[in-house]
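Each chain, written out:
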Amino acid sequence: MDIDLRRGNIVPFVSEIQKSFVSLSLRKGVALKFHADEESINMDFDPDKIELIFFNLLSNAFKFTDNGEVNLRIGLAQKDGKDCCKLVVQDTGIGIIEEQIDKVFDRFYQSENSRWRKNKGTGIGLALVKDLVDLHQGHIDLKSISGVGTEITILLPLEQEISDTQSEM
Ligand code: ATP
Ligand code: MG
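Computed from a prediction, not measured in an experiment: that's the story for all the values here.

Draft legend 1. Layout of the pattern of salt bridges. Counted according to the given criterion, the structure contains ten salt bridges. Linking Lys28 and Asp66 is a salt bridge whose minimum nitrogen-to-oxygen distance equals 3.4 Å. Here the residue Lys28 occupies a position in helix H2 (residues 22-28), and Asp66 occupies one in the loop between helix H3 (47-63) and strand E4 (69-79), the gap between them amounting to 38 residues. Classification of Lys28 by relative accessible area gives partly exposed; the value is 30%. In this structure, the salt-bridge partner of Glu161 is Lys82, at a minimum N-O distance of 3.6 Å. Residue Glu161 is located in the loop between strand E7 (149-157) and helix H5 (164-168), and its partner Lys82 is located in strand E5 (residues 82-91); the two are separated by 79 residues in the primary sequence.

Draft legend 2. Expanded view of the sheet that holds strand E6 (residues 139-145). Strands sit in the order E2-E4-E5-E7-E6 across an open sheet of five strands; the sheet is mixed. Whereas interior strands pair on both sides, the edge strands pair on one side only; in this sheet they are strand E2 (31-36) and E6. Each adjacent strand pair in this sheet contributes to an overall mean axis angle of 15 degrees, direction not counted. Here E5 pairs with E7 via eight bridges, running antiparallel. Across the sheet, Val88 pairs through a bridge with Thr153, a residue of E7. Sitting on the sheet, helix H4 (residues 125-135) touches E6 and E7, and the angle it makes with E6 is about 145 degrees.

Draft legend 3. Focus on the side chain of Thr65. Tracing the backbone shows Thr65 in the loop between H3 and E4. Here Thr65 falls in the buried class, since its relative accessible area comes to 0%. Of note is the side chain of Thr65, whose polar atom sits 2.6 Å from the backbone oxygen of Ala61.

Draft legend 4. View of the packing of aromatic side chains. In the structure shown here, the tally under the stated rule is three aromatic pairs. Pairing Phe13 with Phe45 gives two aromatic rings, centres 5.5 Å apart and planes at 50 degrees, and the pair type is tilted. In this pair, Phe13 sits in helix H1 (residues 10-19) while Phe45 sits in strand E3 (residues 42-45), placing the two residues 32 residues apart along the sequence. Note on Phe13: relative accessible area 23%, which makes it partly exposed.

Draft legend 5. Molecular detail of H3. Its 17 residues place the ends of H3 24 Å apart at the C-alpha level, agreeing with the 24 Å of an ideal helix rising 1.5 Å per residue. Backbone nitrogen of Asp48 and a side-chain oxygen of the N-cap are separated by 3.2 Å at the start of H3; the cap is Asp46.

Draft legend 6. Representation of the packing of H3 against H4. Orientation of H3 relative to H4, taken along the N-to-C sense of each, is 145 degrees, at an axis distance of 9 Å. Regarding H3 and H4, the two cross each other, and that crossing is left-handed. Only Gly125, Leu126, Leu128, Val129, Leu132, Val133 and Leu135 of H4 make contact with H3, whose side of the interface consists of Lys49, Leu52, Ile53, Asn56, Leu57 and Asn60. Per-class residue counts for the contact of H3 with H4 are nine nonpolar, three polar and one charged.

Cut-offs used in this document
- Residues numbered from 1 in each chain as written.
- Chains lettered and ligands numbered in written order.
- Predicted model: local features only at pLDDT ≥ 70, side-chain atom pairs only at ≥ 80, totals over all residues.
- Heavy atoms only, no water.
- Salt bridge = Lys/Arg side-chain N within 4 Å of Asp/Glu carboxyl O.
- Helix = DSSP H or I, 4+ residues; strand = E, 2+ residues; numbered from the N terminus.
- Buried < 20%, exposed > 50% of the residue type's maximum accessible area, 1.4 Å probe, protein only.
- Pairing = 2+ DSSP bridges.
- Axes fitted to C-alpha atoms, helices over the stretch in contact; angles between N-to-C directions.
- Contact = heavy atoms within 4.5 Å.
- Polar contact = N/O pair within 3.5 Å; in protein donor to acceptor, adjacent residues only side chain to side chain.
- Phe/Tyr/Trp six-rings, centres within 6.5 Å; stacked < 30°, edge-to-face > 60°.
- Expected span 1.5 Å × (residues − 1).
- Left-handed = near helix turned anticlockwise from the far one by under 90°.
- Nonpolar A, V, L, I, M, F, W, Y, C, P; charged D, E, K, R; others polar.

What follows is the structure, given as structure tokens:
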């Protein structure tokens, strides 16, 4: 998979993605809240891939939440001495059973909590999200409590280091 990096402000870009979930939010009666700590975060990112990441995460959040809310927050953070953009998708949904949390990034894995869900999908979304975050040299962390909700945190370095192998391509 190739990465097609652009440098720009990711805040309005992510804001537009979450807006495409407003009608689903109203239909399901699950609130959608967006909060940006900064008006502007200029960084290197691949727009199509960032869109895929948040499309998948927000789809999951709404699919597995029947009451309450879905929150998306964007801000700045540090990771391994690097300035990063921090993006958090949090929901008050069914959550994931503790023993299964490590498996949800595996391709085709679907946790028992969600087995009875309609529109259950194929179990590929989070595996793809993980690959796309890796492609941005980022980190992803999932916290979940069964019956309480799920929180996914993504850290993406503001500046992408182009390795020798990448620059040769
Ligand atoms: P697909 O994404 O291919 O349509 P999927 O949503 O089932 O299918 P993933 O997005 O990879 O697959 O998620 C894997 C599993 O992790 C889900 O089936 C579900 O069990 C669990 N999961 C993911 N996100 C959440 C969430 N926000 N709340 C509760 N469970 C979740
Ligand atoms: Mg999914």
